[in-house]
Amino acid sequence: MLSCEEGKLSNANWQQNCLVCVHRLVDVDESQASMKLFSCQSCGQVLFFENTYCESCGHRLGYCTETSRLLALESAADDKGWLAIGDGVDAPLRFLCTNAEYDVCNWLVPEGSADSLCVACRYNHVIPDLTKAGNQELWRRLEQAKHRLFYSLLLLNLPIPTRAENPTGGLVFNFPDDPENGEGKVMTGHDEGIITIALREADDAEREKMRVKMGEYYRTLLGHFRHEVGHFYWNILVRDAGNEKACRTLFGDHTQDYGMALQQHYENGPPAGWQENYVSSYATTHPWEDFAETWAHYLHIVDTLQTAVAFGVAVSPTVAKDGSLSHAFNFDTYAATSFKELLVAWPPLTLAVNALNRSMGQPDMYPFVITPTIAEKLRFVHDLVHGLPLVPVAPAPQ
């Protein structure tokens, strides 16, 4: 299956002061820490997912995939490894991913692993040419998005076969640049486990130009990763797991010619009234794209809700007298076996954050509507992810 595409703060002291203020306002329970919100084991400073050093005490940081925690580290006596604060001198040495030297990764190699790369970086096959000016920064942006993706895949306990484990369908990532001779452009897409993200997508200006050209609500690196990995999991959880019939009932006949469907989409656009049955206009292209878009939105929902939980967000607008928009976010979104819990929590949060964005003159964070049909598609993805029985549904609209 082949699918085709669709600043740093200038004042470090200001950033540190802001983080100290956050630390005073937010009491972080390390056992409940989640995406982008952790605390330093040395000084208690609030830490975020991408941090490489604690801004308060200066300790090196490393994300531990075994415990889903960001650990404060101190150099071992021989400077050949790291010890986590509080583990004691007899604890096993830990090692940062080799890609940490390029400032593109802050993850630890799993304890006892002979690999020099972390769980996320070992899936790379093609990385940008680092001799070319600016490419290291573009690679860093790609890796930040990819590591967020892997954070989700690991918490959901999804299978992630490598190319060594599955030579014809294992997961691998390519981040190529466009040819210097100007002949053609790299296409972002998926092909039997090979996910290609064009390097230019990490350039904010280039990505925005493409968003406008494609008529998309938004276009992000994380969205690309979540979408393309949706194609990979269609192979793993639908095709290879014997779930094609159930998926076809809801998403449509995936055996229709993909190339022709793509051409028709770009020539004619989405069908009238598509918003009732599809989460995006691109989802109308082909059942494979519908599934991948729905998969991406499911990850958007789960991860954003988890962040809301981490910050203790509660929504209770006074104008909604019936309480329909009130919600306190206090459940484990990644472990939620009830899709209804996610579905009920999502609209109040997006309405509130969309309103906040508008107050800042920014576009809506989530400019989409979850209709009953779209909700059933999201439920299907949820059930696949959690290994739940696939509930029979009405046939997909043709």
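Since the model is a prediction, treat every value here as computed from it, not as a measurement.

## Some remarks on the environment of T188
Line of reasoning, step 1. Positionally, T188 belongs in the loop between β8 (172–174) and β9 (189–191).
Line of reasoning, step 2. It is 9.6 Å that separates the C-alpha atoms of T188 and P176, two residues lying twelve residues apart in sequence.
Line of reasoning, step 3. A distance of 3.1 Å separates a polar side-chain atom of T188 from the backbone nitrogen of A198.

## Observations regarding helix α8 (residues 339–359)
Line of reasoning, step 1. The terminal C-alpha atoms of α8 lie 31 Å apart, and with 21 residues this matches the ideal 30 Å at 1.5 Å per residue to within 8%.
Line of reasoning, step 2. The sharpest bend along α8 reaches about 25° and sits at W346, with the proline P347 one to four residues further on.
Line of reasoning, step 3. When we look at burial in α8, the residues that qualify are F339, L342, A345, W346, P348, L349, T350 and N354.
Line of reasoning, step 4. Looking at the buried side of α8, the elements it contacts are α7 (287–310), β11 (314–315), β12 (327–328) and α9 (372–385).
Line of reasoning, step 5. Once α8 finishes, G361 follows within two positions and takes phi at roughly 75°, a positive value.

## As for the packing of aromatic side chains
Line of reasoning, step 1. Taken as a whole and assessed by the stated rule, the structure comprises 24 aromatic pairs.
Line of reasoning, step 2. Consider the rings of Y151 and Y334, whose centres lie 6.0 Å apart with planes at 80°: the pair is edge-to-face. With Y151 in helix α2 (residues 135–155) and Y334 in the loop between β12 and α8, this residue pair connects regions lying 183 residues apart in the sequence. Y334 carries the same exposure label as Y151, and that label is buried.
Line of reasoning, step 3. Measuring from ring centre to ring centre gives 5.0 Å for Y366 and F368, while their planes differ by 65°; the resulting arrangement is edge-to-face. Take Y366 and F368: they sit in the same class, and that class is buried.

Rules and cut-offs
- Residues numbered from 1 in each chain as written.
- Predicted model: local features only at pLDDT ≥ 70, side-chain atom pairs only at ≥ 80, totals over all residues.
- Heavy atoms only, no water.
- Helix = DSSP H or I, 4+ residues; strand = E, 2+ residues; numbered from the N terminus.
- Polar contact = N/O pair within 3.5 Å; in protein donor to acceptor, adjacent residues only side chain to side chain.
- Expected span 1.5 Å × (residues − 1).
- Bend = angle between axes of the 7 residues up to and from the residue.
- Buried < 20%, exposed > 50% of the residue type's maximum accessible area, 1.4 Å probe, protein only.
- Contact = heavy atoms within 4.5 Å.
- Phe/Tyr/Trp six-rings, centres within 6.5 Å; stacked < 30°, edge-to-face > 60°.

Remember that the coordinates give geometry; whether it matters functionally is a separate question.
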